[in-house]
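Remarks on the overall topology
So you can see what is in the structure, the chains are spelled out below.
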Amino acid sequence: DAGITQSPRHKVTETGTPVTLRCHQTENHRYMYWYRQDPGHGLRLIHYSYGVKDTDKGEVSDGYSVSRSKTEDFLLTLESATSSQTSVYFCAISKGTGLYGYTFGSGTRLTVV
Amino acid sequence: DQQVKQNSPSLSVQEGRISILNCDYTNSMFDYFLWYKKYPAEGPTFLISISSIKDKNEDGRFTVFLNKSAKHLSLHIVPSQPGDSAVYFCAASARIQGAQKLVFGQGTRLTINP
C-alpha cells in the first residue's frame, strides 16, 4: 500500500503528559502534513513541512510542535496534553502537485484522560 | 471562518440511484478541488479532483462539477453501490510558500441502502 505509516495507532494518555506521534514515509515526498479530525470540523491542518527542518504552522497549531530531521520522518508533539486534544490525528504526504492532493496515513486515535 | 463547507452532515440513497454531494467555498484563489472518501478506522483516500479552470471531470461512476460563479462543487455517483457508503470530504487547494495546502469541509456521511 501507500508508503506512509503512523505510530502508534491508538494511545491513551493523562492530562499534562507529553505525547509524540510519528509519521514515516518511504515515498521521498517533500511535503508532509499533520491534520486532526473532529466531528463537525472535518480535517484541520496543525503543522506542515516543506523540507528537512522546514516547518510552518497550520490553522490549529496551538499546543503542538513538530520536527523533521529526516525526509522520511515527521513528528508531532503535544508538549502537555489536554482533553481538547483528544482526536484522531492523520499524517499526509504530497509531491506538491494540486491534482492528486495528499496521501494519508491510517491515523492515530489519541485519548487524553 | 469556514472556507469550505459541506452543509449536509448525512445523505441516504437507494442502491442504483444517483448520489449527489455538495460543497461550497469562499476563497476565489483555490486552484484545485478534490473529493476524498473515508471508511471507519482508515485514512481518507483520494477519489477525484478538478482544476479551477475546468467545470467538469469524470472518472467512471464519479463526476465532479465546478460552478465558479456560485463557488459550488458537487460530486455525482451513478449508479450508487453499497461499497460507496462512507464519509466524503471535499477539499480545496491553495499554494502557499510553495506548499500545496488543502482546506477540508466537515464531511458528509453517505449511506447506500439496498
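This write-up is about the structure you can find in this document. (Residues numbered from 1 in each chain as written. Chains lettered and ligands numbered in written order. Predicted model: local features only at pLDDT ≥ 70, side-chain atom pairs only at ≥ 80, totals over all residues. Heavy atoms only, no water.)

Time to look at the pairing of strand E8 (residues 72–77) of chain B. Across the six residues of E8 of chain B, five count as buried, placing the element largely inside the fold. The turn linking strand E7 (residues 62–67) of chain B back onto E8 of chain B is made up of four residues, and Lys-71 of chain B within it adopts a positive phi angle of 50°. (Buried < 20%, exposed > 50% of the residue type's maximum accessible area, 1.4 Å probe, protein only. Helix = DSSP H or I, 4+ residues; strand = E, 2+ residues; numbered from the N terminus. Pairing = 2+ DSSP bridges.)

Next up on the list: the state of the cysteines. All names here are of chain A. All chains considered together, the criterion is met by two disulfides over all chains. Here Cys-23 engages in a disulfide with Cys-91; their sulfurs sit 1.9 Å apart. Linking Cys-23 and Cys-91, the disulfide has an S-S dihedral of approximately -75° and is accordingly described as left-handed. Linking Cys-23 in strand E3 (residues 19–25) with Cys-91 in strand E9 (residues 87–94), this pair joins segments that are 68 residues apart in sequence. Across the pair, exposure class does not vary: Cys-23 and Cys-91 are buried alike. (Disulfide = S-S within 2.5 Å.)

So, on to a nonpolar patch on the surface. Where nonpolar side chains cluster on the molecular surface, the patch consists of Ile-18, Ile-20 and Val-78 of chain B and spans about 230 Å² of accessible area. Along the chain, Ile-20 of chain B turns up in strand E3 (residues 19–25). (Patch = residues over 30% accessible without salt bridge, like charges linked within 9 Å, V, L, I, M, F, W, Y side chains within 5 Å. Areas by Shrake-Rupley, 256 points an atom, 1.4 Å probe, with all protein chains shown as cover. Salt bridge = Lys/Arg side-chain N within 4 Å of Asp/Glu carboxyl O.)

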